[in-house]
Amino acid sequence: MSDIAEIKVDGKTVELPVITGTEDEKAIDISKLRDLIGFVTLDTGFKNTGSTKSKITFLDGEKGILKYRGYSIEELAAKSSFLEVIYLIIYGDLPTQTQLEGLQAEISKHTLIHEDMKKFFDGYPSRSHPMGQLGSLIFSLSTFYPECLKPNQTAEEQDLTIIKLLAKFPTIVSFVYKKSLGHPLIYPKNKYDYVTNFLWMTFGQRTEDYDVNPIVVNAMNKLLILHADHEQNCSASTVRIVGSSDCNLYASIAAGIAALWGPLHGGANQAVIDMLELIKADGGDTEKWIAKAKDKNDPFRMMGFGHRVYKNFDPRAKIIKKACDDILENLGIDDPILEIAKKLEEAALTDQYFIDRKLYPNVDFYSGIIYRALGFPSEMFTVLFALGRLPGWIAQWKEMHENKEPIGRPRQIYVGETDREFVELKDRK
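Reading the values: rules and limits
Residues numbered from 1 in each chain as written. Predicted model: local features only at pLDDT ≥ 70, side-chain atom pairs only at ≥ 80, totals over all residues. Heavy atoms only, no water. Helix = DSSP H or I, 4+ residues; strand = E, 2+ residues; numbered from the N terminus. Rg over C-alpha atoms; globule rule 2.2 N^0.38 Å. Buried < 20%, exposed > 50% of the residue type's maximum accessible area, 1.4 Å probe, protein only. Areas by Shrake-Rupley, 256 points an atom, 1.4 Å probe, with all protein chains shown as cover. Lys, Arg positive; Asp, Glu negative; His and termini not counted. Charge placed at Lys NZ, Arg CZ, Asp CG, Glu CD. Salt bridge = Lys/Arg side-chain N within 4 Å of Asp/Glu carboxyl O. Phe/Tyr/Trp six-rings, centres within 6.5 Å; stacked < 30°, edge-to-face > 60°. Lys NZ or Arg CZ within 6 Å of the ring centre and 35° of its normal. Contact = heavy atoms within 4.5 Å. Axes fitted to C-alpha atoms, helices over the stretch in contact; angles between N-to-C directions. Parallel < 35°, antiparallel > 145°, perpendicular 65-115°, else oblique. Left-handed = near helix turned anticlockwise from the far one by under 90°. 1 Å grid on protein atoms, 1.4 Å probe; cavity = no way out; pocket = protein on both sides within 12 Å on 5 of 7 lines; lining within 4 Å. Points joined across faces, edges and corners; volume = space filled by probe spheres on them. Nonpolar A, V, L, I, M, F, W, Y, C, P; charged D, E, K, R; others polar. Pairing = 2+ DSSP bridges.

Colleague: How should the overall build of the protein be read in this particular structure?
Modeller: Regarding its fold elements, the protein presents 18 helices and six strands. In terms of overall dimensions, the protein is globule-like: its C-alpha atoms have a radius of gyration of 24 Å, near the 22 Å expected for 429 residues. Structurally, the protein occupies a C-alpha span of about 75 × 65 × 55 Å along its principal axes. Across the 429 residues of the protein, 47% fall into the buried class. A total of about 22600 Å² of accessible surface is found on the protein, and carbon and sulfur atoms cover 52% of it. Taking the average place of the 52 positive charges on the side chains of the protein and the average place of its 60 negative ones, the gap between the two points comes to 3 Å.

Given below as structure tokens:
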């Protein structure tokens, strides 16, 4: 293939370089198009536009491939811990034993949050959404640690900010959950590893010892690994474009949390449980709702099936299905909602209508089921998604700064009114 693309417009021909990525992805570099011929491109939703070059994540939706820094998601989920994947995504390589222990030790120094932050919870309405709380609390970290506002931080200063965020994020998430129950807050215990410490703060009680269930720890590690990054999605792109203004890390991540909150992005796993609750309230007749999903004139849509990017299968779903089955079997869950989910899953995997349309169960379907089985209310699901996505957001912010990328500033095609004559207020009709 030629390494030059030609565009002909208004009698002019302009040559644009063709860029090939390390996984043989092709792109036409249009960064100088407007300077050359005065045109911009229109790509609503940026579906065909590469906004950056990145070394973090490779995704091939047609082939169902997902890799972090060159490692397959299947191998990482089977063989590594979430903390190993955090190190990999942020720092570029899998850690040695010494590096992993060093990261855990550094995080352990900063797991506590400032006691004044607990006062925020007194001001939130009793039914405020956990994502609203999480976003505001993470944003407020920049006020408790104003050194993050320093322009041109050294690599050491930037890394300390990253460590503090990694350390405090699970503590904040667990506090959000405990406050929703009206339970006393549980402080971190630094004898635990990253994921076990989070589970202790979330499910532990001051009145009794916490017994760590290795099946739950393993499933939680897998869930967080599977959500750790996903290329230039809505929230990752948000983190990068906010960070491109030289905004501090905490505020940039808070912007990513806001983007993730939407039901078309991180809220999808909550939508799965809401759908299952709806079917249960209607009597639990899955065949009726499957028929509604097939009816093109019916507005009902099956949540948690198919994927906008993956065209044949979601590689993460295959991994998390096994963890889901292990959790349900190990915990002996007896929940009519989960029985409905199993029937829908069976239909999606065997019914030719769903097979032809590639409406397979995706990661949101199984993650929602696992979170419910562990006892989380559906309002917490997106918060847990954010916990998993944190290292990806940090890596995207860090890479954007290391690349010295310019401030994000998309163009537009104006379609509004042209020149209009101003009319005095008294003469307007």
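Colleague: It is not clear to me how the pattern of salt bridges should be interpreted in this structure. Could you clarify?
Modeller: Side chains that carry opposite charge are capable of pairing whenever their charged atoms lie near each other. Under the criterion given, the structure shown has 21 salt bridges. One salt bridge connects glutamate 106 with lysine 109, and the closest N-O pair in it is separated by 2.9 Å. Close ionic contact of glutamate 277 with arginine 372 constitutes a salt bridge, the shortest N to O distance being 3.1 Å. Of this pair, glutamate 277 sits in helix 12 (residues 268-281) while arginine 372 sits in helix 17 (residues 363-374); the two residues are 95 residues apart in sequence, bridging distant segments of the chain. Given the relative accessible area of 22%, arginine 372 is considered partly exposed. A cluster of three or more residues bridged by salt bridges with shared partners is formed by Arg240, Glu399 and Glu405.

Colleague: Looking at this model, I keep getting lost on the packing of aromatic side chains. Mind explaining?
Modeller: Think of a pair of aromatic rings as described by two things: how far the centres are apart, and how the planes are tilted against each other in angle. Throughout the structure, instances matching the rule amount to 17 aromatic pairs. Between tyrosine 145 and tyrosine 250, the ring centres sit 6.4 Å apart and the planes meet at 50 degrees, which makes this aromatic pair tilted. Remark: tyrosine 250 occurs in helix 11 (residues 249-260) and tyrosine 145 occurs in the loop between helix 6 (130-144) and helix 7 (155-181); sequence separation between them is 105 residues. Across the pair, tyrosine 250 and tyrosine 145 agree in class, each one buried. Ring plane angle 50 degrees and centroid distance 6.4 Å describe the contact between tyrosine 192 and tryptophan 200, whose orientation is recorded as tilted. Judged on exposure class, the residue tyrosine 192 and its partner tryptophan 200 are both buried. Linked through ring pairs, Tyr177, Phe203, Tyr371, Phe376 and Phe381 together constitute an aromatic cluster. When the ring centre of tryptophan 200 is taken as reference, the NZ or CZ atom of lysine 189 above it lies at 4.4 Å. Above the plane of the ring of tryptophan 289 lies lysine 292, whose end atom (NZ or CZ) is 5.1 Å from the centre.

Colleague: Just checking my understanding: could you explain helix 10 (residues 234-243) for this structure?
Modeller: Because each turn of an α-helix spans 3.6 residues, side chains separated by three or four positions in sequence point in the same direction. The set of residues buried in helix 10 consists of Ser235, Ala236, Thr238, Val239, Arg240 and Gly243. In the core, the buried residues of helix 10 are packed alongside helix 11 and helix 18 (381-402).

Colleague: Could you clarify how one ought to interpret the packing of helix 17 against helix 18 in this entry?
Modeller: A pair of packed helices can be characterised by two numbers: the angle between their axes and the separation between those axes. At a closest axis distance of 11 Å, the pairing of helix 17 and helix 18 adopts a crossing angle of 110 degrees. Relative to helix 18, helix 17 is oriented roughly perpendicular. Of the two possible hands of crossing, helix 17 and helix 18 adopt the one that is right-handed. Touching Asp364, Gly368, Tyr371 and Arg372 of helix 17 are Phe381, Leu384 and Phe385, all from helix 18.

Colleague: Is there a simple way to think about the environment of isoleucine 241 in this case?
Modeller: When you line up the elements, isoleucine 241 lands in helix 10. The spacing of isoleucine 241 and threonine 41 is 200 residues in sequence and 19 Å in space, taken between C-alpha atoms. Beyond its immediate sequence surroundings of up to four residues, isoleucine 241 is in contact with Gly408 and Pro410.

Colleague: Would you mind going over empty space enclosed by the protein with me for this structure?
Modeller: The method is simple in principle: a probe with the dimensions of a water molecule rolls over the atoms, and the space it marks as empty is what remains. This structure, assessed with the given rule, holds two cavities of 30 Å³ or more. Within this model, the largest cavity holds a volume of roughly 90 Å³. As for the largest cavity, its lining consists of 16 residues, and the residues nearest its centre are Ile107, Thr111, Ala167, Tyr194 and Asn197. At the level of secondary structure, the elements contributing two or more residues to the lining of the largest cavity comprise helix 4 (97-108), helix 7 and helix 8 (194-203). In terms of residue class, the lining of the largest cavity is made up of eight nonpolar, six polar and two charged. Roughly 40 Å³ of volume is contained in the second largest cavity. Taken together, Leu328, Ile333, Asp334, Asp335, Leu338, Glu339 and Lys342 make up the full set of residues lining the second largest cavity. With three residues, the top contributor of residues to the lining of the second largest cavity is helix 15 (residues 336-350). Its residues placed into classes, the lining of the second largest cavity shows three nonpolar, no polar and four charged.

Colleague: Would you mind going over the pairing of strand 1 (residues 4-9) with me for this structure?
Modeller: For a regular strand, side chains alternate in direction, first toward one face of the sheet and then toward the other. Inspection of the sheet shows strand 1 paired to strand 2 (residues 12-20) by six bridges, in the antiparallel sense. Residue pairing across strands places alanine 5 opposite leucine 16, the latter belonging to strand 2.

Colleague: Help me understand the sheet that holds strand 1, please; the structure alone is not making it clear to me.
Modeller: Whether parallel or antiparallel, the strands of a sheet pair through hydrogen bonds between backbone atoms. One open sheet accounts for three strands, arranged 1-2-3; its pairing is antiparallel. Edge strands, defined here as strands with exactly one partner in the open sheet, are strand 1 and strand 3 (26-28). For this sheet, the mean angle separating the axes of adjacent strands, direction not counted, is 30 degrees.

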